[in-house]
Structure formats: structure tokens, C-alpha cells
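Now for the letters of each chain:
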Amino acid sequence: MLYRMLCGEQVSTLGFGCMRLVTADGGIDEPEAIRQIHHAFDQGVNYIDTAYGYHGGASEPLVGKALTGGLRDDIFVATKLPVWMVDSLEDADRLFDEQLERLQTDYIDFYLLHSLVGESWDKVHGLGALDWLQGLLDAGRIRHAGFSFHDDIECFKRIIDAWDWGFCQIQYNYMDEYNQAGTEGLLYAAGKDIGVIIMEPLRGGPLGQPLPEDLEAKRRELGIEWSPGQLALRWVLDQPQAAIALSGMNRMDHLDENLAVANVTEPGCVGDDEMGFIGAIRNHLREGFKVDCTACRYCMPCPAGVNIPRIFGLYNDMSLDDPARARFGYTNMTSEDEWASNCTECGKCEEICPQHIDIIDKLKEAHAALTAENA
């Protein structure tokens, strides 16, 4: 296992994500999940990531069980405050105490404000969350403070600049170079000596799907032995600014595939043939996109407040991910003030779009698709 530095700690480049643990009979398959976690630990993984709400609240207790028997002091534990459940600092205190109990520990190594977007950041910031985090740091109840993020680059920079964060966690992969924080955010955080953890290196799984026959033949011709999922993970770990790639593993063969990558992938080791082939996969996946939007943001700001790039990004996500995830990102994690339904059809965006997208019509399509289950 290779290791990198994060907040002065030597962490494994592969982190075990506990959002998608193996399940059986409607719940976590505890014996198998713990077996997989222990296998990862045995192979050198020393970072495990969970959150209050994962698996309906069952993930943190499972991690607590997996860390019994003397393992706790050898493993960096990360979990997150569910900011959507916080309306006061008393709520934050109560939730944090509950998390310690669930995890069977008296401190958290890496503690995050979970899934920040502009609206949730403004709320918890206004409540005094930064002073609250500093109090936990001063008391030794957490060792490092950070946040996970799902909004645009301007919001990301605003949060980064608000405090002396230890680290942040962003969605990043070869399909998301220009989405959310993206490459610009990765470099911005690293430039301020803020550690960066990568989530969704396989975008929740789609980047590990089997290739069409023409691309599979090309892979064999180039002599590339890595699977699609391994290539996606190698692309992330090739970035020197990425301290950890988190993967939500629930099959032993997938775990072993990821371990094989993490054992050998250092920044700059991915060759031209691999990078070119990853580009071919990217182009193949983009053929399924609904809108040819590159998130250049020439259309922004919209006079009506519509977040055009975010909406088109989520609409395109429906061709890659479970559509329910994209709908959740729209209806639950995007302010209604930014919804496509607020479009006044002024046409200013279409006048300056370098891709010549029929934005007005595409916004209508996107809104209908992204609210289909909520209509």
C-alpha cells in the first residue's frame, strides 16, 4: 500500500468508504462487511469514511464494531455532521455525542460538515459552526476539521476562504473535471495547503462498467491490463494533489482490484496510452449526454437566478448514474430559486452560449426529467 500526507498524517491512498456496504435482507450484511473492512486493513488501508445517515444510520455502528479488538488506534476514522439536521449548536452537540457512541470512540480523526452547498453552508456558518468545530479541535474531540462538497466552484472557493480548514472532500473523476469543485477546486485547495480527499472516483460505479466491444478491442491492442474501474481509480491517484481516493466497496473482488491499483499508482505514473484510452472512454460516455454543455459558465449569472450549468450537469448525470441520484441532487440539494422552472425565456443565455445550445428548451426538458418522481 502506498501512503500520502494529509494534515500531517500518513494515510493510505485508498480509503474504505462505508456508504455502499454489502447488504442482505434489507440491511447491512454485518459479518461480510466487517470481513471486507478487516481485509482492507490487513492490506494496509488505514482510513475509513462513514457518515451519520449512511445505510439509514447503520453505517457508523457497523464501523464501530469493525474497530473493536484493538484496531481503533491504528485506523483513521472519518465521519460527518448531517448539517440538514442542525438548526442550533445544541443539535450539533447532540448529534456529535451520538456519533461517538455509535463509533465506540471518544474522538474522531477527520470530522466533516457533510455535503455542503451554498444554502446549507450559509445556514451552519450563521449558526457558528466554525467556532463549534474549533471548540472540538481544542478539546481533542476531533483531530482535523473539514467539509464535503457538492456545489459549484464559486461556492467552493467561498467556503475554502472562510476558515483555516484542515482538509476538504470533493467529487472528482475523469468525467467531473469541470463539474462541482473540479480541477480548479482541487488546485485551489492544494494551493492553500488544504488536504483534498476524493470521493466518487468511479462516480458511484458507472466508470467501472464493461466497455463496448470496440473499446475493449482497443484496450487489448494497447496492452492495457487494468479494468475500466481500475483505470478510473488510477486517473484520480495520478493527481499529486489527491491525498486519498475513497471507494465504496461491497465486493471482495472489487476491493482487491482497488488494492492492486493503490499498491502501485503514484503521481505521474499513468502513461500516455492509458491517458489516451481514458479519454476514449470519456468520449464514449459523453455520447449519452442529454446536453452538450461544458460548464463554461458564459451563460451565468442568469437574470432569473437559474443555475444553468448545474441543472445541465445533473440532467447529463442521468445518463451515467442512477437517475434517482440526479433527481435528489436537483430536488433536495439545489435551491428552488435556482430551478429551471424560474426561467423567463429572456434568451440572453442562448445569445452567448459558445456551444449554441437551445438552452430554454433544454431547461424545460431537464426540469421535467429531474422532477418526474416529484410531480
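Going by the structure above, here's the rest.
Attention here is on the structure that accompanies the text. Since this is a predicted model, take the numbers as computed values, not measurements.

### Some remarks on the pairing of strand S7 (residues 76-81)
Regular strands have side chains that alternate between both faces of the sheet.
Reasoning step 1: The buried fraction of S7 is high, at 6 of 6 residues.
Reasoning step 2: Inspection of the sheet shows strand S6 (residues 47-49) paired to S7 by 3 bridges, in the parallel sense. Bridging across to S7, Ile48 finds its partner in Val77.
Reasoning step 3: Since S6 and S7 lie parallel, the crossover through helix H2 (residues 59-66) that links them has a hand, and here it is right-handed.
Reasoning step 4: Since S7 and strand S8 (residues 108-116) lie parallel, the crossover through helix H3 (residues 89-103) that links them has a hand, and here it is right-handed.

### Observations concerning the pattern of salt bridges
Reasoning step 1: In this structure the tally under the stated criterion is 27 salt bridges.
Reasoning step 2: Residue Arg141 is joined to Asp97 by a salt bridge in which the shortest nitrogen-to-oxygen separation is 2.7 Å. Pair noted here: Arg141 is in the loop between helix H5 (129-138) and strand S9 (142-149) and Asp97 is in helix H3, with a separation of 44 residues, a long-range link.
Reasoning step 3: Take Arg141: its relative accessible area is 28%, and that puts it in the partly exposed class.
Reasoning step 4: Through salt bridges that share partners, Glu9, Arg72, Asp109 and Arg143 make up one connected network.

Cut-offs and rules
- Residues numbered from 1 in each chain as written.
- Predicted model: local features only at pLDDT ≥ 70, side-chain atom pairs only at ≥ 80, totals over all residues.
- Heavy atoms only, no water.
- Buried < 20%, exposed > 50% of the residue type's maximum accessible area, 1.4 Å probe, protein only.
- Helix = DSSP H or I, 4+ residues; strand = E, 2+ residues; numbered from the N terminus.
- Pairing = 2+ DSSP bridges.
- Right-handed = clockwise from strand over helix to strand, strands pointing away.
- Salt bridge = Lys/Arg side-chain N within 4 Å of Asp/Glu carboxyl O.

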